[in-house]
Amino acid sequence: MNRFAALSALSPALLRRAGVLAGVSFLLGLLLVTYLFGVSDHFFGRLFGAFFVLFWLLAVTFLGVVPFVNWAATRWFGKEWSDEPAAPVRRTRSASASVAVNNRKPTRPVPRQNTPKHP
C-alpha cells in the first residue's frame with residue numbers, strides 16, 4: 001500500500017502533524033509579536049495575523065511541497081535514486097605512487113627577505 005494513500009483528509013497522522021505545526025506557529029508568532037511590539041494595543045490581532053501567516057507557510061511547506069518533491073523524485077527518477085547511496089569504495093594506492101611520495105628530496109632553505117644588514 002502506498003504511504004501517501006494512507007494519509008487521507010482527516011487521518012490521525014495528518015491531524016497530529018497539523019497540530020504540531022499549529023503549536024510551533026503559535027509559539028513563533030507569540031515570540032515575534034512580543035519582541036517587536038510588546039503587550040500593547042492590538043496584541044491579539046497581531047498574534048492572530050502572525051500565527052496565520054506562519055502556520056500557512058509551514059503547512060504549505062511541510063504538508064505540500066516536501067511530500068510532492070519526495071513523490072516526484074521517486075516517480076521520475078526511480079526508487080534506486082531515493083534509496084540511500086552505497087558506501088564509497090576506497091581505492092588502495094599503487095606501489096609506485098607510495099614510493100614516489102617517500103622519495104622526495106627535502107626543500108632547500110630560502111633566506112629570509114628583509115633581514116637587517118649589520119655593518
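Sequence order sets the numbering: in each chain, residues are counted from 1 along the sequence as written. Given that the model is predicted, a residue must reach a pLDDT of at least 70 before its local features are reported, and side-chain atom pairs must reach 80 or more before they are shown or counted; all residues, however, enter totals for whole chains, interfaces and linings. The basis for every side-chain value is the complete set of non-hydrogen atoms in the structure, without hydrogens or water.

Quick word on the overall build of the protein
Within the protein one finds five helices and zero strands. Shown N-terminal to C-terminal, the secondary structure of the protein runs as helices and strands in the order α-α-α-α-α. Looking at the protein residue by residue over its 119 residues, the buried ones come to 10%. Methods summary: accessible areas were calculated by the Shrake-Rupley approach with a probe of 1.4 Å, and residue burial reflects only the protein chains presented. Total accessible area computed for the protein in this model is approximately 11000 Å², and 65% of it derives from carbon and sulfur atoms. Going along the chain from the N terminus, every DSSP run of H or I of four or more residues is numbered as a helix, and every run of E of two or more is numbered as a strand. Throughout this description, buried means an accessible area under 20% of the type-specific maximum (1.4 Å probe, protein chains only), exposed means over 50%, and partly exposed covers the range between.

What about the packing of aromatic side chains?
Side-chain rings of Phe, Tyr and Trp (the six-membered ring for Trp) are treated as a pair once their centres are within 6.5 Å; stacked means planes under 30 degrees apart, edge-to-face means over 60, and tilted covers the remaining angles. Throughout the structure, instances matching the rule amount to five aromatic pairs. Ring geometry for Phe-51 against Phe-55: centres 5.9 Å apart, planes inclined by 20°, an arrangement best described as stacked. Highlighted residues: Phe-51 and Phe-55, both in helix H3 (residues 43-77), separated by four residues, approximately one helical turn. Overall, Phe-51 belongs to the partly exposed group, its relative accessible area being 23%. Given the relative accessible area of 24%, Phe-55 is considered partly exposed.

Quick notes on unusual backbone geometry
A positive phi angle, near 60°, is found at His-42, a position not held by glycine. As for its position among the elements, His-42 is in the loop between helix H2 (12-37) and H3. On the accessibility criterion, His-42 (63% relative accessible area) is exposed.

A few points about the UniProt feature "transmembrane region" (unreviewed entry) in the protein
UniProt positions are given in the numbering used here, feature names are shortened, and annotations may be inferred rather than shown by experiment. Per the UniProt record, the feature "transmembrane region" (unreviewed entry) sits at residues 46-69. Secondary structure within residues 46-69 divides into 100% helix and 0% strand; the distance between the first and last C-alpha atoms comes to 33 Å.

Things to note about the side chain of Ser-25
For Ser-25, the position within the fold is in helix H2. Polar contacts, as used here, are pairs of N or O atoms within 3.5 Å; protein pairs need one atom able to donate a hydrogen and one able to accept it. Residues neighboring in sequence count only if both atoms are side-chain atoms. Side-chain polar atoms of Ser-25 contact the backbone nitrogen of Phe-55, separated by 3.3 Å.

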